[in-house]
Amino acid sequence: MSTNINASLNSLLPAWTAGDRLDSWKEIATYLRREVRTVQLWEKKEGLPVHRHFHQQLGSVYAFRSEVDRWRREVSRHRSSLNESESATASTGERIVIRVLPLKNLRSDAAWDELCKMVAAKTAVELERLNPERLAVLMQEPASAEEPASTTVSESEAGYALRWTAEQDGAALKISAELVCVPTKKAEWSHIYRADRKDWDTAPQQIAQQISQCLWLKMVYRPRNVAPERRRQEMKAREAYLKGRYFWEQRNEEGLKKAVQFFKTAIHEDPGFALPYSGLADSLTLLSFYEILPASQIMPAARKAAVRAVELNPDLAEAHASLADVMLHFDRDWQGAEHEYRRTIQCNPSYALGYHWYSNLLAARGQHDAAHIAIMNALEIDPVSIITLVWAGVTSYLARQFDEAIRHYRSALELAPDFVWAHMYLAQALEQKGDLKDALKEFETAIRLARGNHCIMAMKAHTHALAGDNIAAREMLRDLKTVTSAGCLPSYDIAATYAALGEPNRMIAWLNRACHERNMKLFTLPQDPRFDSFRRRDDFREVVAQIGLAQM
């Protein structure tokens, strides 16, 4: 079966049509009747579709007349639309103004005052960095700290005020923050942050980042209706794409492989249609994430498909989301992934998966409040999405809110009683609650529904180890190593089982193997409760450093 899949995957990304090629900057410029320098600027600034030979001579470029013509039509329409709407946009006051009030220290202590000033300053910087086009940040001087928010921001400024106080909470600093809409006096968001004295060197930046992420999601890019992709697609390609998404939504091996073939058909029917490339990238990513096929085997093709989707339509939310997911799970390019997730939401604030997948990165960084807002935004858009309900549970699980996680999983199972991943993650949450008997039952159900998925078996072995049944746990690990020796090993979950067995050296060895294999689950390592008792070990910290994320 693996050989057949490999042969099929090798042909998933068809060569782009070569009959209408322009084989140099000079030919491209001549075709557009412009200077070479002009078309080079158009590529950088306006997305002129130019391709490069990455493995041939340096600087070798080419383009297709058909794509250049399409780009020229799109740019013409876009500029016309901008001219018509420019004055209207300028008058609508879309730019949001947030006044950051001084962080009021309720304890009379100079060291705490300095820490509060640092938190406030870094928060203002982070907010300004996020979205200067849409967000204006005004920093109020401490001398005005006693003024109420309604007088510090006038209604003409479309005002919001970030109000906060700091007080002692044992040995920690507790910051209570809220964002208030000045005209209505309504609190739009609030949260409490704590910083232990031992973490004061890093706490200001971490708190600032978490607050800025939350405000960006709550105020700047909340869901709204947007127009669909402008380009009219060929009917056959569109139909094949929709069938591919139908099977992709099933989230199982059979459905994902069917989705791959339908997306391939759509690409064949219309090579200039961006959405099927995004669907193809998403399907390959899930085949790897669910450990059906090795990441090293298929994720380069996923990246290539995602990049092609962005090239074909730089304003397509789906394309940026696909690329972000490759960057997060395979490339471990956290900054690149964040940029692409933000670009996804900017392109289409009503694309649920943009918020859903962004929440994964936020949770991995320990920014649990922002992750919760992001996943709730996704559920607001699509409240009956089974997989979004499941990942709302995962987001809660990584924040150690196990009861909330269980509630989300059970909500998903009410809608789809046989959804494998809801049973699997429900079992994991029950395990962390200490309900090992019910956890094992849920794992059995998940294994039966998934027809023996190896990562679920490894997770069940972890529960056996926690229950003290080391013999069963070791037998399952031995069977997994035998059955999957030539295929896709669930290295990350095997490492977790060795953690539960109290064998840290083997745990570290399997985590290093997971890093080498570029296991797609590694992004959860800094937050996964199964590894909590090993977090202060130097060798564990070294593994976390390998994947580029710090423990929060």
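Above this text is the structure in question.
Definitions and cut-offs
Residues numbered from 1 in each chain as written. Predicted model: local features only at pLDDT ≥ 70, side-chain atom pairs only at ≥ 80, totals over all residues. Heavy atoms only, no water. Helix = DSSP H or I, 4+ residues; strand = E, 2+ residues; numbered from the N terminus. Buried < 20%, exposed > 50% of the residue type's maximum accessible area, 1.4 Å probe, protein only. Contact = heavy atoms within 4.5 Å. Areas by Shrake-Rupley, 256 points an atom, 1.4 Å probe, with all protein chains shown as cover. Core = buried A, V, L, I, M, F, W, Y, C linked by side-chain atoms within 4.5 Å. Axes fitted to C-alpha atoms, helices over the stretch in contact; angles between N-to-C directions. Parallel < 35°, antiparallel > 145°, perpendicular 65-115°, else oblique. Nonpolar A, V, L, I, M, F, W, Y, C, P; charged D, E, K, R; others polar. Left-handed = near helix turned anticlockwise from the far one by under 90°. Salt bridge = Lys/Arg side-chain N within 4 Å of Asp/Glu carboxyl O. Phe/Tyr/Trp six-rings, centres within 6.5 Å; stacked < 30°, edge-to-face > 60°. Expected span 1.5 Å × (residues − 1). Pairing = 2+ DSSP bridges.

Draft legend 1. Main features of the overall build of the chain. When its secondary structure is counted, the chain shows 24 helices and nine strands. Burial analysis of the chain (552 residues in total) assigns 54% to the buried set. Within the chain, counting contacts between residues at least 6 apart in sequence, those at least 24 apart form 63% of the total. Here the chain displays about 25,400 Å² of accessible surface, and carbon together with sulfur accounts for 50% of that area.

Draft legend 2. Local environment of the nonpolar core. The biggest cluster of nonpolar side chains holds 164 residues, and the ones touching the most others in it are W164, W189, L217, M507, L511 and L525. Beyond its immediate chain neighbours, meaning those up to four positions away, L511 contacts Y492, A495, L522, L525, F531, F540 and V543. With 13 residues, the next largest nonpolar core counts L32, W42, V68 and W71 among its residues.

Draft legend 3. Here's a closer look at the packing of helix 16 (residues 386–398) against helix 17 (residues 402–415). With their axes 7 Å apart at the nearest point, helix 16 and helix 17 run at an angle of 170 degrees to one another. With respect to helix 17, the axis of helix 16 lies roughly antiparallel. Residue-level inspection shows I386, L389, V390, A392, G393, V394, S396 and Y397 of helix 16 in contact with helix 17, the latter providing F402, E404, A405, H408, Y409, S411, A412 and L415. Residue composition of the contact of helix 16 with helix 17, by class: eleven nonpolar, four polar and one charged.

Draft legend 4. Looking closely at unusual backbone geometry. One non-glycine residue, K185, adopts positive backbone phi at about 60 degrees. Looking at the element boundaries, K185 is found in the loop between strand 8 (172–181) and strand 9 (186–196). With relative accessibility at 53%, the residue K185 sits in the exposed group.

Draft legend 5. The packing of helix 16 against helix 18 (residues 420–433), seen in detail. Two elements in contact, helix 16 and helix 18, have axes separated by 10 Å at closest approach and are oriented at 20 degrees. The pairing of helix 16 with helix 18 is recorded here as roughly parallel in orientation. Helix 18 is crossed by helix 16, and the crossing has left-handed handedness. Residue-level inspection shows V390, W391, V394 and Y397 of helix 16 in contact with helix 18, the latter providing W421, A422, Y425, Q428, A429 and Q432. For the contact of helix 16 with helix 18, the residue count by class is eight nonpolar, two polar and no charged.

Draft legend 6. Region of the structure containing the pattern of salt bridges. All chains considered together, the criterion is met by 26 salt bridges. One salt bridge in this structure joins R251 and E249, with 3.7 Å as the shortest N-O distance. Look at E249 and you get partly exposed, because its relative accessible area is 43%. When the shortest N-O distance is used, the salt bridge between E404 and R407 registers 2.6 Å. Note that E404 and R407 are positioned in helix 17 at a spacing of three residues, about one turn of the helix. The exposure class of E404 is partly exposed, given its relative accessible area of 26%.

Draft legend 7. Representation of the side chain of Q367. Residue position: Q367 is located in the loop between helix 14 (352–364) and helix 15 (368–381). Once residues lying within four places of it in the same chain are set aside, the contact partners of Q367 are Q209, Q210, Q213 and L362.

Draft legend 8. Broad picture of the packing of aromatic side chains. Inspection of every chain in the model, using the stated rule, returns 15 aromatic pairs. For the ring pair Y246 and F247, a centre distance of 5.1 Å and an interplane angle of 80 degrees mean the geometry is edge-to-face. Judged by relative accessible area, which is 54%, Y246 ranks as exposed. Judged by centre distance (5.6 Å) and plane angle (5 degrees), the rings of F247 and F262 are stacked.

Draft legend 9. Looking closely at helix 5 (residues 110–130). Helix length check: helix 5 (21 residues) gives 31 Å between terminal C-alpha atoms against 30 Å at 1.5 Å per residue, within 8%. Those residues of helix 5 that fall on the buried side of the exposure criterion are W112, L115, C116, V119, A120, T123, A124, E126, L127 and L130.

Draft legend 10. Structural detail: the side chain of H356. Mapping H356 onto the fold places it in helix 14. The exposure class of H356 is buried, given its relative accessible area of 1%. With residues up to four places along the chain from it excluded, the contact list for H356 reads I375, A378, I387, T388 and W391.

Draft legend 11. A look at the environment of G502. Here G502 shows up in the loop between helix 22 (491–500) and helix 23 (504–517). For G502, a relative accessible area of 49% gives the class partly exposed. In this structure, the C-alpha to C-alpha distance between G502 and A465, residues 37 residues apart in sequence, is 9.0 Å.

Draft legend 12. Molecular detail of the pairing of strand 8. The buried fraction of strand 8 amounts to eight of the ten residues, a majority that puts the element mostly inside the structure. Relative to strand 8, strand 7 (residues 159–169) runs antiparallel, the two being bridged by ten bridges. Bridged to A166 within strand 8 is I175. Between the end of strand 7 and the start of strand 8, which pair antiparallel, lie two residues, with G170 showing a positive phi angle near 70 degrees. Of the pairings in the sheet, the one linking strand 8 to strand 9 comprises ten bridges and is antiparallel in character.

Draft legend 13. Molecular detail of the pairing of strand 4 (residues 96–100). Counting buried residues along strand 4, five of its five residues qualify, which places the element largely inside the surrounding structure. Of the two faces of strand 4, the one carrying I96, I98 and V100 and the one carrying V97 and R99 are both buried. Both strand 4 and strand 6 (residues 135–139) contribute to a ladder of five bridges, which runs parallel. Paired with I96 across the bridge in strand 6 is L135. Note that strand 4 and strand 7 share four bridges and pair parallel. Counterpart to R99 in the pairing with strand 7 is A161.

Draft legend 14. Seen up close, the environment of K304. By the element assignment, K304 lies in helix 11 (residues 295–312). For the pair K304 and L323, spaced 19 residues apart in the sequence, the C-alpha separation amounts to 9.0 Å.

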